[in-house]
Amino acid sequence: MWAPDKSTAPPPKMDSRYTSTAGIGDLNQLSAAIPATRVEVSVSCRNLLDRDTFSKSDPICVLYVQGVGNKEWREFGRTEVIDNTLNPDFVRKFILDYFFEERENLRFDLYDVDSKSPNLSKHDFLGQVFCTLGEIVGSQGSRLEKPIVGIPGRKCGTIILTAEELNCCRDAVLMQFCANKLDKKDFFGKSDPFLVFYRSNEDGSFTICHKTEVVKNTLNPVWQAFKISVRALCNGDYDRTIKVEVYDWDRDGSHDFIGEFTTSYRELSRGQSQFNVYEVVNPKKKGKKKKYTNSGTVTLLSFLVETEVSFLDYIKGGTQINFTVAIDFTASNGNPAQPTSLHYMNPYQLNAYGMALKAVGEIVQDYDSDKMFPALGFGAKLPPDGRISHEFALNGNPQNPYCDGIEGVMEAYYRSLKSVQLYGPTNFAPVINHVARYASSVKDGSQYFVLLIVTDGVISDMAQTKESIVNASKLPMSIIIVGVGPAEFDAMVELDGDDVRVSSRGKYAERDIVQFVPFRDYIDRSGNHILSMARLAKDVLAEIPEQFLSYMRARGIKPSPAPPPYTPPTHVLQTQ
């Protein structure tokens, strides 16, 4: 009747690049191939339009997602149809991969179903809602209510969207195994055994997911406990086969196969018991020898489930992200009246600064509840007296530098360009210290600060900036530096600290808090800026969740419990 619904499709198979046999060093890549988080979106509506003459509407909700490059909407999935209601709570959910660093545009279309046809044009349109996945997740309790629009002159009711992070992707297990009386494979000594774990795929093939260490010269090894995500072990499917092979390690890499056994997450989760003692069987030996029983046994010693907390848990628990913008107004950017200037006031398209601000800002603003952003400039001479400032408010109000949304920041930026004189030097430390003062006053995990510096990259106060970063690394803050223009950004790469942690006077930064991105890498040759914005935003914000978690973990701050889920009030019939 309906097109197959992707929301209930099996989890995506792993990228084939990662399914070849992996050495232990490759296993980090395994987790990198899997999206960070999967979110289940539930849909309810209230007071839908009634399109049926003799009964109420029979609603269905269709979700469309938007492609990053071509901006085309494509259907993602459909809920079931619920007969005769204007207040549906749909049972079928949409399961979406959630990337904090991407703006994921969603469109929910509602129809009143009149026949068995899967063709939507044959049904009555009840309206639609546009939002982003970040908007749903970032709302209080991850519950977003929006008016349904799309039919002029009619009230179409409201939609209620709730997002829940799927648990299967968050649990990790700590397991320990030992073995007894394994076959002796080495001529002189005993065996040097190790275990290899595989999870089965839908097509019956196996993907390696863990190798233990080698325990030398014993037939009764006890391996160290190891931690593995439930996702890597069985992709969240508790009954999926897990195959374990036992090998005798050889220096030349031609490890001898001792035998194998199969189990599942559900069996392992029973913990240490008679159910978790496995006979290790070598099929070749079993076929040849009548008296063969096994090549030893492997026993599960312990099984402990741990739930990893995620960035979303903190956002749901009410942690606020505060976003501050700082713009480089130094003379090295070029005269704003000239087309060669990075600050060129082009009436027809955004300049490099405008593009960078818009791209990054639009993504972060979904996480900032009041959408009011302090916007600062540095390196300019200010009217009326021409004093040089390294932290001035773009809106001209130092007592209240807040701008309303990214649009407000853009307006203040263009206004400042007309009034200040580009000058120098390029000092970063004052704006970093400005945000650090705020961050140092709330260290309880309720707020986290992100400073976006947009600059042409010619920095004058490198030593002071390094000191500011080392001090800020103890605070709940991250710094994103977007470099615009053609300069060599060696100094910015050094501040990024991905390869070598930033240090000042022998003190190293407690954690990496700086992400540097050269803007020119994202401008596509055809001048199609849209694609570059999506890629830029992805790369700029990709490190924020991990930097955020590193602060919370280091301080032992747990997420606050999310507010209880909303339950609609029950309607009591008034008796006369």
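Criteria and cut-off values
Residues numbered from 1 in each chain as written. Predicted model: local features only at pLDDT ≥ 70, side-chain atom pairs only at ≥ 80, totals over all residues. Heavy atoms only, no water. Helix = DSSP H or I, 4+ residues; strand = E, 2+ residues; numbered from the N terminus. Buried < 20%, exposed > 50% of the residue type's maximum accessible area, 1.4 Å probe, protein only. Contact = heavy atoms within 4.5 Å. Areas by Shrake-Rupley, 256 points an atom, 1.4 Å probe, with all protein chains shown as cover. 1 Å grid on protein atoms, 1.4 Å probe; cavity = no way out; pocket = protein on both sides within 12 Å on 5 of 7 lines; lining within 4 Å. Points joined across faces, edges and corners; volume = space filled by probe spheres on them. Nonpolar A, V, L, I, M, F, W, Y, C, P; charged D, E, K, R; others polar. Domains from an automatic or database assignment. Pairing = 2+ DSSP bridges. Axes fitted to C-alpha atoms, helices over the stretch in contact; angles between N-to-C directions. pLDDT = per-residue confidence, 0-100. Salt bridge = Lys/Arg side-chain N within 4 Å of Asp/Glu carboxyl O.

## Remarks on the overall build of the chain
A tally of helices and strands in the chain yields 13 helices and 28 strands. Buried positions account for 52% of the 576 residues belonging to the chain. Look at the contacts in the chain between residues 6 or more apart in sequence, and 71% of them connect residues 24 or more apart. As displayed, the chain offers around 27,800 Å² of accessible surface, 51% of which is attributable to carbon and sulfur atoms.

## Topic: helix 9 (residues 429-439)
Burial in helix 9 covers these residues: A429, V431, I432, H434, V435, A436 and A439. For helix 9, the secondary structure elements touched by its buried residues are strand 17 (320-328), strand 18 (372-378), strand 24 (447-455), helix 10 (462-472) and strand 25 (477-483).

## Describing empty space enclosed by the protein
Evaluated as defined, the whole model comprises 3 cavities of 30 Å³ or more. A volume near 60 Å³ is recorded for the second largest cavity. Y98, F99, F100, E102, R103, E104, T132, L133, G134, I363, D366 and Y367 together form the lining of the second largest cavity. By residue class, the composition of the lining of the second largest cavity is 6 nonpolar, 2 polar and 4 charged. Counting the residues that make up the lining of the second largest cavity, at least three belong to each of domain 1 (37-166) and domain 3 (319-368 + 425-553).

## A short note on the sheet that holds strand 9 (residues 171-180)
The 4 strands lie next to each other as 12-9-16-15, forming an open sheet whose pairing is antiparallel. On the outer flanks of this sheet lie strand 12 (226-229) and strand 15 (277-279), each paired with one strand and no other. On average, adjacent strands in this sheet sit at an angle of 35° to one another, irrespective of strand direction.

## Things to note about the pairing of strand 28 (residues 514-518)
Counting buried residues along strand 28, 5 of its 5 residues qualify, which places the element largely inside the surrounding structure. Of the two faces of strand 28, both are covered, the one formed by V514, F516 and P518 as well as the one formed by Q515 and V517. Here 5 bridges tie strand 25 to strand 28, and the two strands are oriented parallel to one another. Within the sheet, the bridge partner assigned to I480 lies in strand 28 and is Q515.

## Some remarks on the environment of V305
If you trace the backbone, V305 turns up in strand 16 (residues 297-307). Spatially, the C-alpha atoms of V305 and V173 are 4.5 Å apart, while their sequence positions differ by 132 residues. Sequence-distant contacts of V305, that is, excluding residues within four places in its chain, are made with D171, A172, V173 and Y265.

## Re the confidence of the model for the chain
Mean pLDDT over the chain stands at 85; residues scoring 70 or higher make up 87%. Contacts of residues 1-35 to residues separated by more than four positions or lying in other chains number 57 contacts, the stretch itself having pLDDT below 50.

## Quick look at the pattern of salt bridges
In total, this model carries 19 salt bridges according to the counting rule given. Close ionic contact of D89 with R46 constitutes a salt bridge, the shortest N to O distance being 3.0 Å. Within this pair, whereas D89 is found in the loop between strand 3 (73-78) and strand 4 (94-98), its partner R46 is found in strand 1 (residues 37-46), the two being separated by 43 residues in sequence. K358 is the salt-bridge partner of E362, the closest N and O atoms lying 3.0 Å from each other. Placement of the pair is E362 and K358 together in helix 7 (residues 352-364), with a separation of 4 residues, close to one helical turn. Judged by its relative accessible area of 23%, E362 is partly exposed. Shared partners join several salt bridges into a network, and the residues in it are K227, E306 and E308.

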